[in-house]
Amino acid sequence: MASRTVFTCQACGHASPKWLGRCPDCGAWNTFVEERAAAPARGGGRRGGHALAGVLAAATEPVEPIALHQVDAGRQPRLPTGMAELDRVLGGGFVPGSVVLVGGDPGVGKSTLLLQVSQHLAARGLPVLYVTGEESAAQVRLRAERLGALAPDLAVLPTTDALQAAEAIGRYQPALAVIDSIQTLAHPDVASAPGSVSQVRESVALLMAVTKRLPVVLVLVGHVTRAGTIAGPRVVEHMVDAVLYFESPAHHAYRLLRAIKNRFGATHEIALFEMQDRGLAEVANPSARLLSERPRGAAGSAVVAAVEGTRPLLVEIQALVAPAPYGNPRRVATGLDLGRAALVLAVLDKRAGLHLGGCDVYLKVAGGLRVDEPALDLALAVALASSHRDRPADPEAVVIGELGLAGEVRSVQRVDERLREAQRLGFRRVVLPRGNLTPALAGVVGELELVPVQRVEEAIAATVG
Ligand code: TYD
Ligand code: MG
């Protein structure tokens, strides 16, 4: 078997005949690794020619273009995962025939989540194939027992051979195939180490070639590298239909599942889970959870109704303004964009007479969450003013609005959903942009007192006094 040496960028997969310090494609430094790659022979070269070749041949038959209006849209019903929160992040459950990448740090709970989903589908009589390259079949069984009853339709295949995995999927034709994880898979015709870009790319390409014409949901589990991306990341992210990241905000007990890409639903959709002794449980009321530790009557706190994906979410913004006696004041923002914080500080200085130039300013989104949307601006301003004056802002009020550079409060999207969430959580007042006050809102407000504002000073006066 002829083999040649190529140098592959481990960040984006760019291949070069010689070593390079900087990738010309993605700009990453020091990412080139020597790999010995022989062009993989179609159908599996070294072995496995028989069954797999048949499946692959079927997948590569010549096809004729079809008039678009004659295309069978094949609107198959979505496959519920058994977890309403996960369904929502996916845009309403799995789409049969789609490929989903689930990434996250080791230990965050990827295997647990997917085993729970596998058990749910298998319990409904749908065949599931769980390919495990990390744990033995016995370990998977022990974990499955801990998570609930064992369903006969759940099959496990312990292998790290991409050909074996692809062949088993083609033969078994499950409703759901889980590959845990793509970094352990190796294509026998690719000489580089498991987990390298070319291995991940070839293995995933092979699996997708097999599942393309089948109504199989293919879920790929991927580990996240220190840099925060899945090894061989962009290559795989571009190939799949949806990318979900599972993360554990530092020092918090809950887990956050976030859709980074979704061809069948909204991106930035999030779901909260909690790891318990019998697996992951959904946090059904994330706003209440995120506000549960809010200090009452403390200065420097304001609640905003943000929207993440399709979900309104109440989060607490905290600000601490302290004198900076040694010059060079600090600006620290945790969970939100420092640029946004700088803009709000400048507007407060120039337009509202709140001069914080000589002060250290710390801002954070409480609860370890990261939110970034314009509607946060006004709550940042209120929290800052409250801390500066050392006077608590109205604890019954939710503040929403975008700040313009002239100090004007600009309207925000989806205000009705934000109001409903504020009402559901028992808040009494909502400070909102005047531009958002439409007659249609009358239907959603109920007991809520609406405080429309046009200027940042009005919002501060209405909440901090
Ligand atoms: P795991 O799913 O193995 O993580 P990943 O596949 O992302 O590496 O989860 C590992 C952690 O979850 C481990 O620390 C044990 C814990 N855990 C529970 O707390 N309860 C449970 O029911 C299970 C199955 C795991
Ligand atoms: Mg795992």
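Looking at an unreviewed UniProt entry, one finds the protein named DNA repair protein RadA and attributed to Thermaerobacter subterraneus DSM 13965. As stated in UniProt under Sequence similarities (unreviewed entry), the record for the protein gives "Belongs to the RecA family. RadA subfamily."

The next thing to look at is the environment of Pro80. Tracing the chain through its elements places Pro80 in the loop between α1 (49-59) and α2 (84-90). Its relative accessible area of 34% is what places Pro80 among the partly exposed residues. With 15 residues separating them in the primary sequence, Pro80 and Val95 have C-alpha atoms 9.2 Å apart. The contacts of Pro80, once residues within four sequence positions are left out, are Asp87, His120, Leu121 and Arg124.

A cluster of nonpolar side chains, namely Ile66, Leu68 and Val71, defines an oily patch on the protein surface of about 330 Å² accessible area. If you trace the backbone, Ile66 turns up in the loop between α1 and α2. We classify Ile66 as exposed; its relative accessible area is 56%.

Near ligand 1 lie 16 residues; those nearest to it are Gly107, Ser111, Thr112, Gln276 and Gly279. Contact between ligand 1 and Ser111: an oxygen atom at 2.6 Å from a side-chain N or O atom of the residue. Residue Thr112 places a side-chain N or O atom 2.6 Å away from an oxygen atom belonging to ligand 1. Those elements that provide at least two residues to the shell around ligand 1 are α3 (110-123), α4 (137-147) and β11 (270-276).

Counting along an α-helix, one turn takes 3.6 residues, and residues three or four places apart therefore face a common direction. Within α4, the full set of buried residues consists of Val140, Ala144 and Leu147. In a view along the axis of α4, the buried residues occupy a sector of 60°, so they form one face of it. Exposed and facing more than 90 degrees away from the buried side of α4 are Ala138, Leu142 and Arg146. Looking at the residues trailing α4, positive phi occurs at Gly148, about 150°.

With that out of the way, let us pick up the UniProt feature "binding site: ATP" (unreviewed entry) in the protein. Mapped onto the present numbering, the UniProt feature "binding site: ATP" (unreviewed entry) falls at Gly104, Asp105, Pro106, Gly107, Val108, Gly109, Lys110 and Ser111. Mapped onto the elements of the fold, Asp105 is located in the loop between β4 (99-104) and α3. Residues contacting Asp105, with those up to four places away along its chain left out, are Lys110, Val224 and Phe246. With respect to the helices, strands and loops of the structure, Gly109 is situated in the loop between β4 and α3. Those residues in contact with Gly109, other than ones at most four positions away along the chain, are Phe246, Met275 and Leu280.

A separate point is the domain arrangement of the protein. Here the protein is described as being made up of domain 1 (1-38), domain 2 (79-284) and domain 3 (289-463). Each of domain 2 and domain 3 has a C-alpha centre, and the two are 38 Å apart. Residue-level contacts link 16 residues of domain 2 with eleven residues of domain 3. Of the roughly 1100 Å² buried at the junction of domain 2 and domain 3 (both faces included), carbon and sulfur atoms supply 49%. Applying the counting criterion to the domain 2 and domain 3 interface returns three salt bridges. The shortest N-O distance in the salt bridge between Glu85 and Arg311 comes to 3.2 Å.

It is worth spelling out the pairing of strand β10 (residues 254-262) at this point. Most of β10 is tucked away: seven of the nine residues are buried. Sheet topology note: the strand β9 (residues 242-247)/β10 ladder contains six bridges and is antiparallel. Bridging from a neighbouring strand, Tyr245 pairs with Arg258 of β10. Pairing of β10 with β11 involves five bridges; the strand directions are antiparallel. Across the sheet, the residue bridging to Leu257 is Ala271, located in β11.

With that out of the way, let us pick up the pattern of salt bridges. A full pass over the atoms with the stated rule returns 20 salt bridges. A salt bridge links Arg141 to Glu145; its shortest N-O distance comes to 2.6 Å. A residue pair is termed a helical-turn pair when its members lie 3 or 4 positions apart in one helix, as Arg141 and Glu145 do in helix α4 at four residues. The partly exposed category is assigned to Arg141, whose relative accessible area is 47%. The partner of Asp394 in a salt bridge is Arg429, with the nearest N and O atoms 2.7 Å apart. With Asp394 in the loop between α10 (377-389) and β17 (397-399) and Arg429 in strand β20 (residues 429-433), this pair connects stretches of sequence that are 35 residues apart. For Arg429, a relative accessible area of 16% puts it in the buried group. A network of salt bridges, in which partner residues are shared, links Glu85, Arg88, Glu269 and Arg311.

Each aromatic ring pair is characterised by the separation of its centres together with the angle its planes make. Within the structure shown, the criterion is met by one aromatic pair. Relative to Phe273, the ring of Phe246 has its centre 6.0 Å away and its plane inclined at 85°; by these criteria the two rings are edge-to-face. Placement of Phe246 in strand β9 and of Phe273 in strand β11 is noted, with a sequence separation of 27 residues between them. Across the pair, Phe273 and Phe246 agree in class, each one buried.

Here we come to the sheet that holds strand β6 (residues 154-158). Reading across from one edge, β6-β5-β7-β8-β4-β9-β10-β11-β12 is the order of the nine strands in this open sheet, with mixed pairing throughout. Each end of this open sheet is capped by a strand with a single partner; those strands are β6 and β12 (279-282). Averaged over all pairs of adjacent strands, the angle between strand axes in this sheet comes to 25°, irrespective of strand direction. As paired strands, strand β5 (residues 128-132) and β6 are joined by five bridges and run parallel to one another. The partner of Val131 across the bridge, within β6, is Leu157. Lying over the sheet, α4 contacts β5, β6 and β12, oriented at roughly 150° with respect to β6. Packing of helix α6 (residues 197-211) onto the sheet brings it into contact with β4, β7 (176-180) and β8 (217-223), and relative to β8 it is tilted by some 170°.

What counts, and where the lines are drawn
- Residues numbered from 1 in each chain as written.
- Chains lettered and ligands numbered in written order.
- Predicted model: local features only at pLDDT ≥ 70, side-chain atom pairs only at ≥ 80, totals over all residues.
- Heavy atoms only, no water.
- UniProt positions renumbered as here; feature names shortened; annotations may be inferred.
- Helix = DSSP H or I, 4+ residues; strand = E, 2+ residues; numbered from the N terminus.
- Buried < 20%, exposed > 50% of the residue type's maximum accessible area, 1.4 Å probe, protein only.
- Contact = heavy atoms within 4.5 Å.
- Patch = residues over 30% accessible without salt bridge, like charges linked within 9 Å, V, L, I, M, F, W, Y side chains within 5 Å.
- Areas by Shrake-Rupley, 256 points an atom, 1.4 Å probe, with all protein chains shown as cover.
- Salt bridge = Lys/Arg side-chain N within 4 Å of Asp/Glu carboxyl O.
- Near = heavy atom within 4 Å.
- Polar contact = N/O pair within 3.5 Å; in protein donor to acceptor, adjacent residues only side chain to side chain.
- Arc of directions from axis to C-beta.
- Domains from an automatic or database assignment.
- Buried area = accessible area lost by both parts, 1.4 Å probe.
- Pairing = 2+ DSSP bridges.
- Phe/Tyr/Trp six-rings, centres within 6.5 Å; stacked < 30°, edge-to-face > 60°.
- Axes fitted to C-alpha atoms, helices over the stretch in contact; angles between N-to-C directions.

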